[in-house]
Amino acid sequence: MELLLIKEGFPLLSFLIFLPLVGAVVLLFFHGQTFARFWALLVTGVTAVSSIPLLISFDSSSTKYQLAEAYSWIPRFHINYIVGVDGISILLVLLTTLIMPFCVLASWKYIQQRVAPFMFCLLVMETSMIGVFVALDFVLFYIFWEFMLIPMYLLIAVWGGPRRVYASIKFFLYTLAGSVLLLVAIIALYLKSGSFFIPEMMWQPYSLTFQILVFLAFFLAFAIKVPMFPFHTWLPAAHVEAPTAGSVILASVLLKMGTYGMLRFCLPITPDATFLLATPILWLSIAGIIYGGFTALAQQDMKKLIAYSSVGHMGFVTLGIFVLNTRGVEGAILQMVNHGVTTGALFLLVGMIYERTHSRELALATGVGRYMPWFVTLLTFFSLSAFAFPGTNSFIGEFMVLAGAFQHNTALALAAIPGAVLAAAYMLRMLQKIVWGGTANPDQSYLTDLGVREVVVLTPFLLFVFWIGLGPQPFVNLIHGSVNHLLEQLQDWQQHQQVASVLWH
Amino acid sequence: MTIFPELVLATGALTLFLVSLAKTPSERLSYAVALVFGTATFVATLLSFHSQGLLFYGAYAVDQYSQLFKVLIAFSLLISLGFVKNLKGVSIDIHAEYYLFLLLCVLGLMMLVSSVELIAILVSLELSSFALYLLVPMRDDRTGLRMQMEAGMKYILFGIMATGFMLYGMSLLFGLTGTTYLKDILVFLGNSPPQPVVVIAILMVQAGFLYKLAAFPMHFWVPDVYQGACNATAGVIATLPKFAAVALLIRFFILPTGYAPMVVELLAVLALCSMFYGNLCALVQKDLKRMLGFSGIAHAGFILLALLTLKAEGYGVAIYYIAGYVLMNLACFLVINQASQGGENVRIDDLSGLYKRQPMLAFVLATGLFGLAGIPPFIGFMGKFLVLTTVLRADHLLVVCLAVINTAIAIYYYLSVVKVVYTVEPEDRPAIAVGPMVQLSGIVLVIMITLLGVFPGKLVDYASTVVQSLH
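Definitions and cut-offs
- Residues numbered from 1 in each chain as written.
- Chains lettered and ligands numbered in written order.
- Predicted model: local features only at pLDDT ≥ 70, side-chain atom pairs only at ≥ 80, totals over all residues.
- UniProt positions renumbered as here; feature names shortened; annotations may be inferred.
- Helix = DSSP H or I, 4+ residues; strand = E, 2+ residues; numbered from the N terminus.
- Rg over C-alpha atoms; globule rule 2.2 N^0.38 Å.
- Buried ≥ 20, exposed ≤ 12 C-beta atoms within 10 Å, placed from the backbone.
- pLDDT = per-residue confidence, 0-100.
- Pairing = 2+ DSSP bridges.
- Axes fitted to C-alpha atoms, helices over the stretch in contact; angles between N-to-C directions.
- Contact = placed C-beta atoms within 7 Å.
- Arc of directions from axis to C-beta.
- Nonpolar A, V, L, I, M, F, W, Y, C, P; charged D, E, K, R; others polar.
- Expected span 1.5 Å × (residues − 1).
- Bend = angle between axes of the 7 residues up to and from the residue.
- Parallel < 35°, antiparallel > 145°, perpendicular 65-115°, else oblique.
- Left-handed = near helix turned anticlockwise from the far one by under 90°.

- Naming follows an unreviewed UniProt entry, where chain A appears as NADH-quinone oxidoreductase subunit M of Desulfobulbus oligotrophicus.
- The annotation that UniProt attaches to chain A under Sequence similarities (unreviewed entry) is "Belongs to the complex I subunit 4 family."

Below is the structure:
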């Protein structure tokens, strides 16, 4: 427990977890449409504002888990309620809390039927997403991790597009099937280490076979969530059919859970297996980057295009994690946030055009630049960010990841470069069609430009695009301590193993 | 006070008998009597929760163990009485008899969990079984196919066969030890050298309870009986007897056989067969009750997993698991009873658009099904998780892996029901009105399924300590 910096006084993290849940319970009793909208906005807004103090009380020089709370929960099985944040999770918590009010705003007009249940699902989602990022007890983590499937399933299945039934079931089955073995791995770790407290499971002398088995169970669960090539097939379906808010949550937060899990669990709990299996995973990431790029290039559906681009972008994140050096891992964490900001905004933009044309077909949205100048201006900024144009956020992230990759293995880094080029190709192709189109554009004169609400929704995203793009230092500072600590421990572990093996032979 | 609940039930049954003597027995009167006595039983079990005593020449033990089960049984009875209102699917002139046999069955189950002597166990088991055998064919003959008769015949024939096995096992036990008291048998077996025949005797006795639990290989009756019995009866068969089955399985598994590893292996095989058979068959079902029947077989497999540790903790977890299973099944049967307009069977398609027709029922059903599928934070998840933990602690990695693969298979059929409820349009299916009693039962069930899932500690601890006292 010396790894925890217990927070005295107000339990901020628990407040962040359970406030949306309480808000959701209120919605069970009051069903008014307008009330539901304003109430959800209020609850997510309050959660977002109350998450700001996290930054103030967070001490980035410490490598401990901060703002921690620990209560006994099920003593017989050594299960405790322990939450806390460190440099790896704090940005993801903030990303979640800050993005949720905009998800509510994005659904303001989009969702016209069964508004209260929709907002109920959104709020419950928020609870479980924050819970996943702050849980330091593996059972608590798993409960949030799995519970999330239910509201997300309902968001897609009830409010989704025409093929929503297929997409939602695929999403549910894929993710659930991936995480059943995770449960076995958790129990096995508990039996070895005697506790479900995650930090106590780290850096234990497990045998190599045990580590490899646990790693594979972890990897299957997290790779499906990321999703890594070749486990990605649920993603395009789910993204395309989900309502805008669902797509934004999926892209911005849900996908990050996979990479967060790899960082939090794979590296420190199964270090030997990580060293052993890093290379194939790195090449899988490259395959994902290239595959995502080429597939995105061929899409006619805007949401599908962005979905496949996510496969590519998340490939960069896993690439950064498994090169196992400071630049790579920091770049990966930054890239997680960047992808959340940029892709979230792109989905919002597609949602906005969908509300007008009721189609996601690229061919039907050509040439809207003339009638929607604000829309295309914003779209341009976010598209530039999506293919890592210098000055935008993704540039920093991808640059750091590539720098880390070069440090690790030149061939690997060179293989990732075409992915960056492909990103420019497919984003510019989309941009060209939407802004100008060709000579045979459909009549778009009935379109109205973005309203105030929509511009307000997008502005903060734009702010972060340039803030991280031009001055990333504050963000890097937040994560640097924890990442360094993690990698130092990893190095010590490796040296220790080498010494041990020399002594043995 | 010690046998207060049993006395209340017996009085209730007699009252219903008097009601049934009237020329035109009133439907509302019989329901009211049943409900009053159901509530009184629940209150009585709570009042006598801490009673202790050994009655009837030591054949009938009232202790913490039995009282815990009595509370669970009485609670489930009360909830099922809360939602069977109108008893659709049973002819009106036999409503009084229906409730009469229902109470007698529960009386038998309560006596069963208290019995600690072979003959007493047999008598109570038969009392509860024969009451249930009668409930099945009481369904009205709506289809003209006499489906209920077929179900009743299957239930009784398989049941009697299981009883036969049990009697044979009991005779062997008596022959080996010269006594019919479980306590003396325990001492005798503990002091004698291991004999293979002990294993056979105990397994044969267990066959009778595996039949009640619907575990492989005593599961054949399940789908047809669930389908043939009316919705209310199927709800009773799926829930109440399982408590008694688990209670008695534990009572017999604490007897030392001398061949523990063999018993463990056998249980593991039975558990896995139950799971695979139940889950794979459930995948293709169109009738909701049949699906729940097969899912019940799979869950019986999980109970056997918990039991195979042969330790107090595993037994405690098994009790927790069965309590959770019954709560979730009650939630499902509550919805089946309401969704069935005139007592006919409910196909999964019939639930189309239930979300629009009655959101509350859809919510209860989704909670029950997600719980059965083992999604957190519901009680089904915690039960599954604790079972897997205790089994893996006993070092059965392969069994645990196969069990979690089963949960991945199972999610598909639970989810396809949820899909129909939430995403398919109702078309011309009418809205469903639910009364206050049903709403109350539904809300209580949802709250219990969630709360007991999040806070399992107290119940598991209590159950484990209580089981410890049996040794």
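Focus on the overall build of chain B
Phase 1: Scanning chain B for helices and strands turns up 19 helices and two strands.
Phase 2: For 471 residues, the compact-globule estimate of 2.2 N^0.38 gives 23 Å, and the C-alpha radius of gyration of chain B, at 21 Å, lies within 12% of that figure.
Phase 3: For chain B, the residues scored as buried account for 58% of the 471 residues in total.

With respect to the confidence of the model for chain B
Phase 1: Residues of chain B with pLDDT of at least 70 account for 100%, and the chain-wide mean is 91.
Phase 2: The complex prediction reports pTM at 0.94, with the ipTM value standing at 0.93.

Let's talk about the UniProt feature "domain: NADH:ubiquinone oxidoreductase chain 4 N-terminal" (unreviewed entry) in chain A
Phase 1: UniProt's entry tags residues 71–130 of chain A with the feature "domain: NADH:ubiquinone oxidoreductase chain 4 N-terminal" (unreviewed entry), counted in the numbering of this structure.
Phase 2: Helix makes up 60% of residues 71–130 of chain A and strand 18%, with an end-to-end C-alpha separation of 18 Å.

Remarks on the sheet that holds strand 2 (residues 65–74) of chain A
Residues and elements named next belong to chain A.
Phase 1: With mixed pairing, the three strands of this open sheet are ordered in space as 1-2-3. Looking at strand neighbours, the two that pair on one side only are strand 1 (4–6) and strand 3 (79–85), the edges of this open sheet. The average undirected angle you get between the axes of adjacent strands in this sheet is 50°.
Phase 2: Pairing analysis gives two bridges linking strand 1 to strand 2, with the strands arranged parallel. For Leu4, the partnering residue across the bridge sits in strand 2 and is Tyr65.
Phase 3: Running at roughly 65° to strand 2, helix 1 (residues 12–29) makes contact with strand 2 and strand 3 of the sheet.

So, the environment of Ile130(A)
All names here are of chain A.
Phase 1: Turning to its location among the elements, Ile130 is positioned in helix 4 (residues 115–134).
Phase 2: Exposure remark for Ile130: the 29 C-beta atoms within 10 Å place this residue in the buried category.
Phase 3: Separated by 123 residues in sequence, Ile130 and Val253 place their C-alpha atoms 9.5 Å apart.
Phase 4: For Ile130, the contacting residues outside a window of four places in its chain are Leu16, Ile17, Val93, Thr96 and Thr97.

Re helix 7 (residues 182–191) of chain B
Residues and elements named next belong to chain B.
Phase 1: All of the buried residues along helix 7 are Leu182, Ile185 and Leu189. Each buried residue of helix 7 sits inside an arc of 55° when the element is viewed along its axis, so together they form one side. Summarising the geometry of helix 7, the exposed residues directed more than 90 degrees from the buried face are Gly190 and Asn191.

Details of the interface of chain A and chain B
Phase 1: The interface is formed by 27 residues belonging to chain A together with 26 residues belonging to chain B.
Phase 2: Going through the elements one at a time, helix 5 (138–147), helix 6 (149–159) and helix 7 (164–193) of chain A are the ones with two or more residues in the side of chain A that touches chain B.
Phase 3: With 14 residues, the top contributor of residues to the side of chain A that touches chain B is helix 7 of chain A.
Phase 4: Broken down by class, the residue content of the side of chain A that touches chain B amounts to 24 nonpolar, no polar and three charged.

Overview of helix 1 of chain A
Because each turn of an α-helix spans 3.6 residues, side chains separated by three or four positions end up pointing in the same direction.
Residue and element names in this part refer to chain A.
Phase 1: Over its 18 residues, helix 1 runs 26 Å from end to end, which matches the ideal 26 Å to within 8%, given 1.5 Å per residue.
Phase 2: Of all the bends in helix 1, the greatest reaches close to 30° and is centred on Phe18; the proline Pro20 follows between one and four positions later.
Phase 3: Buried positions along helix 1 lie against helix 2 (33–57), strand 2, strand 3, helix 3 (87–106) and helix 4.

Structural notes on the environment of Gln491(A)
Phase 1: Turning to its location among the elements, Gln491(A) is positioned in helix 19 (residues 473–504).
Phase 2: Remark: the alpha-carbon pair of Gln491(A) and Ser285(A), spanning 206 residues in sequence, is separated by 23 Å.

Here we look at the packing of helix 8 (residues 196–213) of chain B against helix 10 (residues 231–253) of chain B
All names here are of chain B.
Phase 1: Contact pair helix 8 / helix 10: the axes reach a minimum separation of 8 Å and the direction vectors enclose 160°. With respect to their mutual orientation, helix 8 and helix 10 come out roughly antiparallel. Here the hand of the crossing between helix 8 and helix 10 comes out left-handed. Where helix 8 abuts helix 10, its residues Ile202, Val205, Gln206, Phe209, Lys212 and Leu213 lie against Pro241, Lys242, Ala244, Ala245, Val246, Leu248, Leu249 and Phe252.

A short note on the packing of helix 10 (residues 234–241) of chain A against helix 13 (residues 302–322) of chain A
Residue and element names in this part refer to chain A.
Phase 1: Packing of helix 10 against helix 13 brings their axes to within 9 Å, and their N-to-C directions diverge by 140°. What the angle tells us is that helix 10 and helix 13 run oblique. Between helix 10 and helix 13 the crossing geometry is right-handed. Residue-level inspection shows Leu235, Pro236, His239 and Val240 of helix 10 in contact with helix 13, the latter providing Lys303, Lys304, Ala307, Tyr308, Ser310 and Val311.

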